[in-house]
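Report on the structure
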Amino acid sequence: MPEFAQVGDFCPNEACADYGKHQSEGQTNIVRFGKTKAGRQRYRCNTCGRTFTETKGTIFYRRHTPEAEIIETLAFLAEGSRISSLTRVKGHKEDTILNWLRDAAAHAGAIEETLMAEYQLERGQLDSLWAYVGNKGEKRAIRKPTSAASFGGPR
Ligand SMILES: [Zn+2]
């Protein structure tokens, strides 16, 4: 299963100078830092000194709903389901679904990869998903990542 930007790839502390920077040869602020009692990998950011664990830092980490459920809901949307029917069928509030969409749009590359791999969605369906956020979201526009270079998945 393709994965989103994972914990350990970047520092999730918004106050950190290296917040959100993905680890690479020149960016190595994140180190493994033991495990929690529950056995989850813990990481430490050497820039700000914060530690964090696996559950924090995935794109939906503040959400109460399992990531798989969120992805499935987004897949239904991309396939043409209406938000109003999804709220009925799945029991999520319309605002909640829109929030997921906004989160997803901010990480469009990773989400697209997952949706195409797991739900066999087509390019056009994904585009309509993002268009949906643009049209139905709050007034502030969602900027879709424009660098296609970072996402070279099959079409
Ligand atoms: Zn940091």
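Everything here concerns the structure above.
Right, let's walk through the structure included here.

Cut-offs and rules
- Residues numbered from 1 in each chain as written.
- Predicted model: local features only at pLDDT ≥ 70, side-chain atom pairs only at ≥ 80, totals over all residues.
- Heavy atoms only, no water.
- Donors = N, O, S within 2.8 Å, 3.2 Å for Na, K, Ca; no water.
- Tetrahedral: all angles 85-135°; square planar, octahedral: opposite > 155°, others 65-115°.
- Buried < 20%, exposed > 50% of the residue type's maximum accessible area, 1.4 Å probe, protein only.
- Salt bridge = Lys/Arg side-chain N within 4 Å of Asp/Glu carboxyl O.
- Phe/Tyr/Trp six-rings, centres within 6.5 Å; stacked < 30°, edge-to-face > 60°.
- Lys NZ or Arg CZ within 6 Å of the ring centre and 35° of its normal.
- Pairing = 2+ DSSP bridges.
- Helix = DSSP H or I, 4+ residues; strand = E, 2+ residues; numbered from the N terminus.
- Axes fitted to C-alpha atoms, helices over the stretch in contact; angles between N-to-C directions.
- Parallel < 35°, antiparallel > 145°, perpendicular 65-115°, else oblique.
- Left-handed = near helix turned anticlockwise from the far one by under 90°.
- Contact = heavy atoms within 4.5 Å.
- Nonpolar A, V, L, I, M, F, W, Y, C, P; charged D, E, K, R; others polar.

Within the first shell, the zinc ion binds the protein through Cys11 (SG), Cys16 (SG), Cys45 (SG) and Cys48 (SG), at distances of 2.2 to 2.4 Å. The coordination sphere of the zinc ion comprises four donor atoms, whose angles at the metal cover 104 to 114°; the geometry is tetrahedral. The exposure class assigned to Cys11 is buried, which follows from its relative accessible area of 0%.

Looking now at the pattern of salt bridges. Close approach of charged atoms lets side chains of opposite charge pair. In total, this model carries five salt bridges according to the counting rule given. When the shortest N-O distance is used, the salt bridge between Lys21 and Asp18 registers 3.1 Å. On the basis of relative accessibility, which here comes to 13%, the residue Asp18 falls in the buried class. Here Glu72 and Lys90 are joined by a salt bridge, their closest N and O atoms 2.8 Å apart.

Right, let's talk about the packing of aromatic side chains for a bit. Here the structure, examined in full by the defined rule, presents one aromatic pair. Taken together, a centroid distance of 6.1 Å and an interplanar angle of 25° make the contact between Tyr43 and Phe52 stacked. We note that Tyr43, like Phe52, is buried. Over the ring of Phe33 we find Arg44; its NZ or CZ atom is 5.8 Å from the centre of that ring.

Judged by pairing direction, the sheet is antiparallel, and its three strands sit side by side in the order E1-E2-E3 without closing on themselves. Only two strands of the sheet have a single partner each, and these edge strands are strand E1 (30-35) and strand E3 (51-53). Adjacent strand axes in the sheet meet at a mean angle of 35°, parallel and antiparallel pairs treated alike. One ladder, built from four bridges, connects E1 with strand E2 (residues 41-45); its direction is antiparallel. When the bridges of E2 are listed, Lys35 appears paired with Gln41.

This paragraph deals with the packing of helix H1 (residues 67-78) against helix H2 (residues 83-90). Between H1 and H2, the shortest axis-to-axis distance is 10 Å and the interhelical angle comes to 140°. For the element pair H1 / H2, the angle class is oblique. The interaxial crossing formed by H1 with H2 has right-handed handedness. Of the residues in H2, those touching H1 at Glu69, Glu72, Thr73, Phe76 and Leu77 are Ile83, Leu86 and Lys90. Grouping the amino acids of the contact of H1 with H2 by side-chain chemistry returns four nonpolar, one polar and three charged.

Attention now goes to the environment of Thr51. With respect to the secondary-structure elements, Thr51 resides in strand E3. Along the sequence, Thr51 and Arg32 sit 19 residues apart, while their C-alpha atoms lie 9.3 Å from each other.

Attention now goes to unusual backbone geometry. Residue Gln120 is not a glycine yet carries a positive backbone phi of 50°. Along the chain, Gln120 turns up in the loop between helix H4 (108-119) and helix H5 (123-136).

For the rest of this paragraph, the subject is the packing of H2 against helix H3 (residues 94-106). One can describe the packing of H2 onto H3 by two numbers: an axis separation of 9 Å at closest approach and a directional angle of 115°. Classed by the angle they form, the pair H2 and H3 counts as roughly perpendicular. In this structure, H2 meets H3 at a crossing whose hand is right-handed. Residue-level inspection shows Ile83, Leu86 and Thr87 of H2 in contact with H3, the latter providing Glu94, Ile97, Leu98 and Leu101. Considered class by class, the residues forming the contact of H2 with H3 number five nonpolar, one polar and one charged.

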